[in-house]
Amino acid sequence: MNASSGASYAPEPVPDPVVSAGDFPFAAVRLDHGHIYGMAEGLQAAGGTVKWVYDPDPAKVEAFRAKFPDVRVARSEDEVFDDDDVRLVAGAAVTSERCALGLRAIEAGKDYFTDKAPLTTLDQLAAAREATARTGRKYAVYYSERIHVEAAVLADQLVERGSIGRVLQVMGLGPHRLGTGRPDWFFEKDKYGGILCDIGSHNFEQMLHYAGAKDAQVTHAAIANYNHPEHPELDDFGEANIVMDNGAAGYCRVDWFTPDGLSTWGDGRTFILGTEGYIELRKYVNVGTDEGPGHVFLANGEGEHHLVAKGNVGYPYFGRLILDCLERTENAMTQEHAFKAAELSVQAQLAARVLTPDAEGAGIG
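Now for a description of the structure that goes with this document. This structure is a prediction, so every number in the text was calculated from the model and none was measured.

### Examining helix α5 (residues 122-135)
So, point 1. The terminal C-alpha atoms of α5, which comprises 14 residues, lie 20 Å apart, in line with the 20 Å expected from a rise of 1.5 Å per residue.
So, point 2. Burial in α5 covers these residues: Gln124, Leu125, Ala128, Ala131 and Thr132. Buried residues of α5, seen end-on, are gathered within an arc of 130° and therefore sit on one face of the element. Looking at α5, the residues exposed on the side facing more than 90 degrees away from the buried face are Asp123 and Ala133.

Structure follows, in C-alpha cells:
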C-alpha cells in the first residue's frame, strides 16, 4: 500500500460473525446458478447456518452437499417453507423464475435473498414491491460484484471518507467469459432477461450506490449479438448511460468477450470520478502481472495510491443482512435501492437499440 504522509486509507477491520451457530438458520432453494454457493458461503461466514437445501435436480443437491455436508435435503419447497425456524430463503433459480420463488417465500413468512438479476419484467417488479410493502418481508439481492468483492467494499469505504470528494460519474465494465456447458435457459431471452437486465444489474446497482443516488433515468441503451449466431437470443454486448437524481452520470458496458488468454473469467473494472480525485477498481486481475485480484487505485490531492484489498477487507454485507432480518432494519441495502437497480436494468433492456453488424462488420441499428 502506497500513501502520502499523513494520509490513511487503511481498510476497516474484517467483520466478525454477527450471530452464533444455530441463531440464524437459512435454506438454499433452487440451485440453477452457481452464485448460490457464494450466497451461502457469505451468510455462513457471517454466522448463519444453512439448514435445508432443495432443488428438483438431485445432482445439483449432491454438489451442494459436497460443499455444505451438514445441510438437510428437503423433499419439497414446502418442507422448507413450513419450517418455522428458517429465517431466510436463498435462491438462484432461472432468472425469470426468481420473482415467483421470492413471492412464495415471502407468503410463507420468510425473508428472501435472490441471485441477481432479481427479476426480468416490470410486472414482476410491481408484484415484488407489493409483497414486500404488504408483509414487511425482505427481497434482498446478491449484487455480488459490489457486495462480495473486497476491492469494491474498500472503494465504498474510501468514498464514504470523502477521499475523492463528491462523486460525479461512475463507469463500470463487466466483461465475462462465455465458456462451455451453460444450460439451455441461459440462451433464451425470456428466461435470462437480456444482458442489460442480467449482467447489467450489477452495474446499475454500483452506479446508484457509489454516487449516493436514489433514482436515475436511462438516457441511452444498446445491445447486440455480434459474434454468436448459433445463439440468436443471446446478447453478447450491451451498454447504457444513466443520469442520476443528484446530477451524477453513469455508464456501463457488459459483454461476453473475455479472451481465452486472460487468467480469469473477466477483467471487471469500475471507475469512480469525484470532485477531488478518482478511484479505479481492478477487481479480478491486474493484467500482465501475477498480483492476483483486489486492486484499488486512488489518485487525489494527496498523491497516487495503490491499495490491495484482497484478504484485508471482508464482506460486511452478509452480517448486516442477517441483522436486518433479525432486527427489521435496512443497513445492508435498502429495499428500494435493490428494486431501483433492478428497475433500471429492465428499463434499459426494454429501451435498448439493437446493433446489428452488417456484412462489412460495421454496426447499424
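### Let's talk about the environment of Asp78
So, point 1. Tracing the backbone shows Asp78 in helix α3 (residues 77-81).
So, point 2. Between the C-alpha atom of Asp78 and that of Asn225, which follows or precedes it by 147 residues, the distance is 40 Å.

### Considerations on the packing of helix α1 (residues 35-45) against helix α10 (residues 316-327)
So, point 1. Between α1 and α10, the least distance of the axes is 8 Å, while the angle of their chain directions is 70°. The pairing of α1 with α10 is recorded here as roughly perpendicular in orientation. Listed contacts from α10 to Gly38, Met39, Gly42 and Leu43 of α1 are Phe318, Leu321 and Ile322.
So, point 2. When the residues that make up the contact of α1 with α10 are grouped by side-chain class, the tally is five nonpolar, two polar and no charged.

### Remarks on the packing of aromatic side chains
So, point 1. Throughout the structure, instances matching the rule amount to 15 aromatic pairs.
So, point 2. Between Trp185 and Phe186, the ring centres sit 6.3 Å apart and the planes meet at 65°, which makes this aromatic pair edge-to-face. Across the pair, Phe186 and Trp185 agree in class, each one buried.
So, point 3. Here the aromatic rings of Tyr317 and Phe318 are separated by 5.5 Å at their centres, their planes lie at 90°, and the arrangement is edge-to-face. With respect to class, Tyr317 is no different from Phe318; both count as buried.

### Section: the side chain of Asp83
So, point 1. Relative to the helices and strands, Asp83 resides in the loop between α3 and β4 (88-92).
So, point 2. A distance of 2.7 Å separates polar atoms of two side chains, one belonging to Asp83 and the other to Trp52.
So, point 3. Each residue touching Asp83, except ones within four places of it in the same chain, is listed here: Lys51, Trp52 and Lys110.

### Examining the pattern of salt bridges
So, point 1. This structure, assessed with the given rule, holds 25 salt bridges.
So, point 2. Here Lys116 ties to Asp198 by a salt bridge, and the two come within 2.6 Å at their closest N and O atoms. Taken as a pair, Lys116 in the loop between β5 (111-115) and α5 and Asp198 in the loop between α8 (189-192) and α9 (200-211) lie far apart in primary sequence, 82 residues in all.
So, point 3. By relative accessible area, which is 5% here, Lys116 ends up buried.

### Details of α9
So, point 1. Here α9 spans 17 Å end to end across twelve residues, near enough to the 16 Å set by a 1.5 Å rise per residue.
So, point 2. With eleven of twelve residues buried, α9 is to be regarded as a mostly interior element.
So, point 3. Inspection of α9 places Gly200, Ser201, His202, Asn203, Phe204, Glu205, Gln206, Met207, Leu208, Tyr210 and Ala211 among the buried residues, and these make up the whole buried set.
So, point 4. Downstream of α9 by one or two residues, Gly212 has phi in the positive range, about 70°.

Scoring rules and cut-offs
Residues numbered from 1 in each chain as written. Predicted model: local features only at pLDDT ≥ 70, side-chain atom pairs only at ≥ 80, totals over all residues. Heavy atoms only, no water. Helix = DSSP H or I, 4+ residues; strand = E, 2+ residues; numbered from the N terminus. Expected span 1.5 Å × (residues − 1). Buried < 20%, exposed > 50% of the residue type's maximum accessible area, 1.4 Å probe, protein only. Arc of directions from axis to C-beta. Axes fitted to C-alpha atoms, helices over the stretch in contact; angles between N-to-C directions. Parallel < 35°, antiparallel > 145°, perpendicular 65-115°, else oblique. Contact = heavy atoms within 4.5 Å. Nonpolar A, V, L, I, M, F, W, Y, C, P; charged D, E, K, R; others polar. Phe/Tyr/Trp six-rings, centres within 6.5 Å; stacked < 30°, edge-to-face > 60°. Polar contact = N/O pair within 3.5 Å; in protein donor to acceptor, adjacent residues only side chain to side chain. Salt bridge = Lys/Arg side-chain N within 4 Å of Asp/Glu carboxyl O.

Note that every value here comes from positions in space, so none of it alone points to a role or purpose.
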